[in-house]
Amino acid sequence: MDYIVNTDQEQQEMLAALGLSSLEDLYKDVPEGAKLKRKLNLPEGVSEFEAYDALKSLALQDKVYPVIFRGAGCYRHRIPAAVRAITSLPGFVTAYTPYQAEISQGILAGMFEFQTMIADLTGMDVANASVYDGCEAAAEAMIMCLDPRHMRMLVSAAINPEVLKVLKTYAHSQGAELVMIPVRDGVTDLAALNDLLDDATACVYSENPNYYGNLEDVRALAAAAHAKNVKVITGVNPTTLALARTPGECGSDIAVGDGQSLGLDLNFGGPTTGFMATRTALMRKLPGRIVGQTADRNGSRCFVLTLQAREQHIRREKASSSICSNQALCAFRNTVYLAALGKEGFREMSEQCLTLAHLAAAKITALLGYSLAYPQQEFFLEFAVKTPVPVSRINEVLDAHGILGGLELAEKEMLVCVTEANSEAQIETLVNLLKEVQA
Amino acid sequence: MNLIYEESHAGHRCTRFAKIAAPAYQLPEKFRRQSGTNLPEVSEVELVRHYTEYSKQTFGVDSGFYPLGSCTMKYNPKVNEETAALEGFTDIHPLQPESTVQGALHVMHTLRTDLCELTGMDEMGLTPAAGAHGEFTGLCLIKAYHEHRGDTRRKKIIIPDSAHGTNPASAHMNGFEVVSIPSKDGVVDLDALAAALDDTTAGLMLTNPNTLGLYDSGILEITEKVHQAGGLCYYDGANLNAIMGISRPGDMGFDCVHLNLHKTFSTPHGGGGPGAGAIGCKAFLAQYLPEPVVAEKDGVYTLTRPEHSIGKVRGFWGSFNVMVRALTYLSVLGAEGAKKTSENAVLNANYLMHLLKDVYQPAYDRTCMHEFVLSLEKLKEESGVSAMDVAKRMIDYEMHPPTMYFPMIVHEALMFEPTETESRATLDHAGEVLHEIYDEAVNHDLDLSKAPYMSEYSRPDEVTAARHPILKYEHH
């Protein structure tokens, strides 16, 4: 099967108009040695119904957990129905990058709203229109800070390991050095940071909340870095930002994060989207698409892709990033999600995550042998718990009850995540099952 | 058109969450946000109407002819959206036990195998997020290959002057020095290539068919020369839609290749993403692929780390729901459909070029592949009407303009890529429209520098936008 519109006869007529007799004649520039002289070894094509059925049978092999207490970089939240409906509208789905502003105002205005919301949430001056994901956003932020005399980045050992892996790849490609700042009591060690800062250091990267769910004293980290003229990059979980102190309020220079938790499904981890926000002074160092407001010939307010002198299609090898396609539809979904929740709904969602996580932590640690791994730290929606039995055994029991338990951090330590998608009844069930494992 | 903030009314709500009994937890002041957010406040109907208006103001492939060169704006079949929305794909966590995601891994493995066959590669990593990201990753492989052999002199990447801007930018991101070589008759100048090659050459980046829509007949000599000099050959797969089942990058002599699943494999562009840029390579480079690759043994699928992996280029495993769409598409096409797809993409491009070339000059008047480039230099000289003016006037006829002013080596360039999913009637109509526009230009019927006339918005003032950037809504 195929999606070709023209019939064989129409194709023949078109060939005749070109003075050709067969489709093969179109390929006379292909040398014999580069021609595939056999049929592709692919299955025979099928109808859309057969294709759907085959994919559906594969989808049914995956286990969809009714209850999830696992995050670690990918979070299940509730998504209002209107979000899916709006972001499935064909204009948004089937447009290319909005190069032609006259017929792309909808998507451009949506991106402008996205930039506004990200700047608002992070407390920064400006945001770009998205990069690939939160990991790559951190790497792009690093590149913004590097220069030939500052090729060193200090990275908190308390960051998400996925982000760290990506940072390492990009640092190697840039010829930059990554130095880890040790963790102390579940947060970045400030004294160690002070010892590591030097004249070659370009920037410091930490996350808030960090991988263990703990809130960091970003203000103190930023003050220490700024005292040595070093830039501060903060990775955030955006769902916490209704209540948690923003990177802007903490003095960070660049805020980055992943938009998955703002209205995107789990999707086995991708695609998500990365956001980047910064101070006005660093605006022209931001990579990727940026939308700006202007007016058309008739004086009507409109929006365009702007500051393009930064980008690969203009600067070619002088561009700091090669990013072209970004994650526009995912970022747009963030926008519609945030608009659907609105000021109050977003606060409510964030507060429920915070409250339910603390409720779960209190109930779990009331069980014999369970304790918080970092009792002296504040956390938001994830927390590390020491367990009396191996985490793998706990998760086997939970799995049998349709629950994806916390992520194993060590044999007897797990990272539990609670969002507004987890009800108080689910927390009760979790606690009761943990009791069973104990027995 | 209002922004969502201008539709906001204090107290309007769209979403409410289930009530919880537990008293709200209070963060200590030290960790608390100092002021509330400025998110808008709208009801559900206000939300839906606002964004439905936005969708009307956004031209997509579903709206009409979209011959944007180099972007392969083919129709995006709706069944792809249905499979991508299956709960077993959308509601699985990336850190679930592998035994619980065998269906998803099976999807990835099948796609990997199909893409290897289509490109003539031995292994395929699926993690990169887009074409440029695939390029970046491919250059990481080339760098790792030379480093692993201790060959540290190879710092140069050769790129033709007709290349996509992402090519030199991706090379630069990897610390390579970019050597740009001129084209001759629209293809690689073999002498210029030979002169650029030496023992500092890390590799060559090439698109074939190239950005002029030409298949480089010298391709076997080109890749051989690069290999003789000790370099590797990187294939930019942005233009694969021309050659599926006909000529494979692996058979042309390329060592690694990226594919844009959001071009050739029909996954929608979404206004600029999410895409996916699979990265394929020959067996000797597979050890460097980014983590993870999907492997199969005795019917069990696993995610594995290649022995000398360059590491990760993004979080988790890739743009999974884009892969689901691409596999759905390939399942429908099969071997024959894939070949027919490319043949018809090329036929449609040649047919449209044939319709236009009596008034607009092809940059190269010969059989093209899936796209072709016109030069409107003569029209500009004679009438003052530019490529931009003609492109913008197409909007008045409810068509998306072609790619403008690219590749940079052609003056007043317009690049058309109709794709195989357009009918002859659509192409005939586009031909008529472009003739009318030509007549308007030469007869000065209309001031085309002010086009489009019919759209709700006319040309934006881009200079002011860049000079005095307003990048967010200011709350009053």
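The structure presented is a predicted model; accordingly, all values stated were derived computationally and were not measured.

Draft legend 1. Geometry of the sheet that holds strand β13 (residues 371–372) of chain A. Residues and elements named next belong to chain A. Read from one edge of the open sheet, four strands run β13-β14-β17-β16, paired in antiparallel fashion. For this open sheet the edge positions go to β13 and β16 (407–410), each flanked by a neighbour on one side alone. Pairing analysis gives five bridges linking strand β14 (residues 382–386) to strand β17 (residues 413–417), with the strands arranged antiparallel. When the sheet's bridge partners are listed, A384 is paired in β17 with L415.

Draft legend 2. Up close: the confidence of the model for chain B. This prediction gives chain B a mean pLDDT of 97; 100% of its residues lie at or above 70. The ipTM assigned to the predicted complex is 0.97, against a pTM of 0.98.

Draft legend 3. Spotlight on the sheet that holds strand β3 (residues 177–181) of chain B. Residues and elements named next belong to chain B. The mixed open sheet is built from seven strands, whose spatial order is β1-β9-β8-β7-β6-β2-β3. Among the strands making up the open sheet, the edge pair consists of β1 (123–125) and β3. The average undirected angle you get between the axes of adjacent strands in this sheet is 25 degrees. Sheet analysis places strand β6 (residues 201–206) next to strand β7 (residues 232–237), joined by four bridges and oriented parallel.

Draft legend 4. Broad picture of the interface of chain B and chain A. Between chain B and chain A, the contact holds 169 residues from the first and 164 residues from the second. For the side of chain B that touches chain A, the element with the highest residue contribution is helix α10 (residues 320–356) of chain B, accounting for 23 residues. Classifying every residue of the side of chain B that touches chain A gives 80 nonpolar, 59 polar and 30 charged.

Draft legend 5. Layout of the environment of Y27 of chain A. Inspection of the secondary structure puts Y27 of chain A in the loop between α1 (8–17) and α2 (48–59). Y27 of chain A sits in the partly exposed class, given 19 other C-beta atoms within 10 Å.

Draft legend 6. A look at the domain arrangement of chain A. Residue and element names in this part refer to chain A. Domain annotation for chain A reports domain 1 (67–77 + 343–438) and domain 2 (81–336). Between domain 1 and domain 2, the C-alpha centre-to-centre distance is 28 Å. Contacts between the two partners involve 24 residues from domain 1, matched on the other side by 19 residues from domain 2. Top element by residues in the side of domain 1 that touches domain 2 is helix α12 (residues 328–365). It accounts for seven residues. Looking at side-chain class alone, the side of domain 1 that touches domain 2 contains 14 nonpolar, five polar and five charged residues.

Draft legend 7. Structural detail: the pairing of β17 of chain A. Residues and elements named next belong to chain A. The element β17 is extensively covered by neighbouring structure, given that four of its five residues are classed as buried. As judged from the three bridges shared by β16 and β17, these two strands associate in the antiparallel manner. Residue pairing in the sheet places A410 in a bridge with E413 of β17. Joining the antiparallel neighbours β16 and β17 is a turn of two residues.

Draft legend 8. Fine view of the nonpolar core. Formed by 300 residues in total, the largest nonpolar core has its most connected members in A138, M142 and A357 of chain A together with L141 and M323 of chain B. Per-element accounting of this core gives the leading share, 21 residues, to α12 of chain A. Once you skip the residues sitting within four places of it in the chain, M323 of chain B turns out to touch V107, M108, L111, L126, L261, A276 and G318 of chain B.

Draft legend 9. Fine view of the packing of helix α12 (residues 387–396) of chain B against helix α13 (residues 424–443) of chain B. All names here are of chain B. Closest axis-to-axis distance for the α12/α13 pair is 10 Å, and the angle between their directions is 125 degrees. Between α12 and α13, the angle is such that the two are oblique. In this structure, α12 crosses over α13, and the sense of that crossing is right-handed. Between α12 and α13, the contacting residues are V390, R393 and M394 on the first element and V433, I437 and A441 on the second. Class assignment of the residues belonging to the contact of α12 with α13 gives a composition of five nonpolar, no polar and one charged.

Draft legend 10. Region of the structure containing the pairing of β14 of chain A. Residue and element names in this part refer to chain A. Of all the five residues making up β14, four are buried; the element is thus mostly covered by neighbouring parts of the structure. Relative to β14, β13 runs antiparallel, the two sharing two bridges. When the sheet's bridge partners are listed, S371 is paired in β14 with K386.

Draft legend 11. Main features of helix α4 (residues 102–119) of chain B. Residues and elements named next belong to chain B. Relative to the 26 Å expected for 18 residues at 1.5 Å per residue, α4 spans 26 Å between its end C-alpha atoms, a close match to the ideal helical length. Burial within α4 is extensive, with 15 of its 18 residues counted as buried. Taken from the residues just after α4, G120 is the one with a positive phi, measuring 75 degrees.

Reading guide: rules and limits
Residues numbered from 1 in each chain as written. Chains lettered and ligands numbered in written order. Predicted model: local features only at pLDDT ≥ 70, side-chain atom pairs only at ≥ 80, totals over all residues. Pairing = 2+ DSSP bridges. Helix = DSSP H or I, 4+ residues; strand = E, 2+ residues; numbered from the N terminus. pLDDT = per-residue confidence, 0-100. Axes fitted to C-alpha atoms, helices over the stretch in contact; angles between N-to-C directions. Contact = placed C-beta atoms within 7 Å. Nonpolar A, V, L, I, M, F, W, Y, C, P; charged D, E, K, R; others polar. Buried ≥ 20, exposed ≤ 12 C-beta atoms within 10 Å, placed from the backbone. Domains from an automatic or database assignment. Core = buried A, V, L, I, M, F, W, Y, C linked by C-beta atoms within 7 Å. Parallel < 35°, antiparallel > 145°, perpendicular 65-115°, else oblique. Left-handed = near helix turned anticlockwise from the far one by under 90°. Expected span 1.5 Å × (residues − 1).

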